[in-house]
Amino acid sequence: MTGARSTPLAGQHAALGAHFGEFAGWRMPLWYGGAVGEHLTVRRAAGVFDISHMGRFGVEGKDAAALLSASFSRDAASLAAATSGYGLACNAAGGIIDDLIVYHLDEARFRVICNAANAGRIVALLKASQSGRQAVVEDLLAATLLLAVQGPEAVAAVEALVPGAAAIGRRGCGEVSFGGATCFFARTGYTGEDGFEIMLEAAAGEALFERLLAAGVTPCGLAARDSLRLEAALPLYGVDMDDATSPWEAGLGWALALEHDFPGRDALVASKAAARRRLTCIVGDGQGVFRSHQLVYHDEEPAGHVTSGGFSPLLKRSIAMAYLPRALAAAGTALTIDIRGRRVAAHTVKRPFYTSSRAGAAPSK
């Protein structure tokens with residue numbers, strides 16, 4: 001991991017016995033006591049993730065909404081204050097550059113959170129749309145720390161430490177005071193559970209992290225975050241989608257506000273009817289763990305390959321997502337998946353694999 005960046009909480013992670021790995025150029029905790037235990041804790045109680053590697057920007061000024069709308073598929077002008085919207089950054093051909101969330105704080109103040117590996121591309125896209133508009137784009141990564149507190153007990157745990165946080169509605173956002181600092185709170189996440197993503201200055205973030213641990217919230221690493229998002233069938237950029245993927249194929253057409261102009265809009269309008277494959281959820285019927293790149297077969301013929309796969313700690317079965325021809329994407333289609341030369345029976349299911357009745361969650365970061 002030579003040259004990898006570390007978050008401000010690296011010392012705390014090491015003291016907690018974290019196992020580290022490199023992700024998008026960052027040295028990040030993968031797990032502490034064990035990924036399966038952390039996964040189940042988030043499903044049953046509450047866990048805290050350090051996600052300070054993710055890109056984050058402030059966009060403010062009279063033309064902030066217009067700048068964001070010109071850059072992304074989400075029409076920022078349609079977002080009410082204190083709400084958020086999941087959207088896409090697309091290239092001219094309609095391929096996905098990144099998926100992200102736009103948060104509208106109030107009046108002309110917005111925040112954007114995107115994937116770590118694509119932060120440079122997102123700021124470049126924003127800068128390209130900035131000419132002639134009265135809006136300032138600020139990179140907030142160096143000055144802040146980003147935490148995600150997720151699980152059925154997450155809101156109560158955070159409210160006990162930061163009174164006022166629970167007043168933020170689901171998929172909403174706002175500013176709440178903690179430790180004398182004004183902090184950004186968003187009721188979003190990437191686990192399929194309710195909870196918060198919290199952006200705050202490093203010193204305040206370190207203090208909140210320590211207080212969450214003292215209150216019994218479990219530290220969780222990126223391995224559990226990945227298995228949680230897979231159960232919720234939330235696509236991961238670079239694995240389930242990339243520049244060559246159409247939002248129509250990825251099942252993300254709902255994130256396209258085609259009434260406004262943005263990069264790739266015309267291509268997406270023209271290509272909607274041409275989408276021939278669909279990102280599909282698959283559950284295993286036999287023994288073996290599904291992994292990325294494994295071939296998927298239907299009636300002995302190759303039909304696609306696994307994009308994301310793994311063992312579901314909650315469902316106790318192997319699950320996967322794969323792009324399949326539209327005719328095979330309906331729930332109940334019998335398939336097999338090749339695991340090191342052995343065909344394992346599987347079938348398609350309705351997306352997602354798991355939905356929390358408490359979360360009311362839409363795909364978010």
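Nothing here was measured: the structure is a model prediction, and the numbers come from that model.

To continue, consider the overall build of the chain. From N to C terminus, the chain includes eight helices and 20 strands. The C-alpha radius of gyration of the chain comes to 20 Å, within 12% of the 21 Å expected for a compact globule of 365 residues. Each of the 365 residues in the chain was classed as buried or not, and the buried ones make up 56%. Within the chain, contacts between residues at least 6 apart in sequence are counted, and of these 68% link residues at least 24 apart. Accessible area for the chain stands at about 14,400 Å²; split by element, carbon and sulfur atoms hold 53% of it.

The subject of this paragraph is the pattern of salt bridges. Counted under the stated rule, the structure contains 16 salt bridges. In this structure, D285 and R317 form a salt bridge, with 3.1 Å as the shortest nitrogen-oxygen distance. Highlighted residues: D285 in the loop between β15 (277–284) and β16 (295–298) and R317 in strand β18 (residues 317–325), separated in sequence by 32 residues. A relative accessible area of 35% means that R317 is categorised as partly exposed. A salt bridge links R343 to D338; the shortest N-O distance between them is 3.9 Å. Residues joined by salt bridges that share partners form a network here, namely R43, E193 and E231.

Aromatic ring pairs are described here by two measures, namely the spacing of the ring centres and the angle between the planes. According to the stated counting rule, one finds three aromatic pairs in the structure shown. Considering the side-chain rings of Y86 and W254, the 5.3 Å spacing of their centres and the 25 degrees angle between planes classify their relative orientation as stacked. One end of the pair, Y86, is in strand β6 (residues 83–90); the other, W254, is in the loop between α7 (222–231) and α8 (265–271), and 168 residues separate them in sequence. Here Y86 falls in the buried class, since its relative accessible area comes to 6%. Seen from their ring centres, F185 and F196 are 5.9 Å apart, and the 80 degrees between their planes marks the pair as edge-to-face. Placement of the pair is F185 in strand β12 (residues 181–186) and F196 in strand β13 (residues 195–201), with a sequence separation of 11 residues. In this structure, F185 and F196 share a single accessibility class: buried. R27 extends its terminal NZ or CZ atom over the ring of F20, reaching a point 3.7 Å from the ring centre. In this structure, R277 is placed above the aromatic ring of Y323, and the distance from its NZ or CZ to the ring centre is 4.1 Å.

A regular strand carries its side chains on alternate faces of the sheet. With five of its six residues buried, β12 lies for the most part within the structure. As defined by bridge partners, strand β11 (residues 173–178) adjoins β12 across six bridges and the pair is classed as antiparallel. From the neighbouring strand, F178 faces β12, where its bridge partner is A181. With antiparallel pairing between neighbouring strands as the criterion, β11 and β12 make up a hairpin whose turn holds two residues, including G179 at a positive phi of roughly 55 degrees. Pairing geometry for β12 and β13, over three bridges, is antiparallel.

Looking now at unusual backbone geometry. Put simply, R351 and P352 share a cis peptide bond, and its omega is 0 degrees. Inspection of the secondary structure assignment puts P352 in the segment after β20 (342–349). At H293, a position not held by glycine, the phi torsion is positive, near 80 degrees. Along the polypeptide, H293 turns up in the loop between β15 and β16. Given a relative accessible area of 65%, H293 falls into the exposed group.

Reading guide: rules and limits
Residues numbered from 1 in each chain as written. Predicted model: local features only at pLDDT ≥ 70, side-chain atom pairs only at ≥ 80, totals over all residues. Heavy atoms only, no water. Helix = DSSP H or I, 4+ residues; strand = E, 2+ residues; numbered from the N terminus. Rg over C-alpha atoms; globule rule 2.2 N^0.38 Å. Buried < 20%, exposed > 50% of the residue type's maximum accessible area, 1.4 Å probe, protein only. Contact = heavy atoms within 4.5 Å. Areas by Shrake-Rupley, 256 points an atom, 1.4 Å probe, with all protein chains shown as cover. Salt bridge = Lys/Arg side-chain N within 4 Å of Asp/Glu carboxyl O. Phe/Tyr/Trp six-rings, centres within 6.5 Å; stacked < 30°, edge-to-face > 60°. Lys NZ or Arg CZ within 6 Å of the ring centre and 35° of its normal. Pairing = 2+ DSSP bridges.

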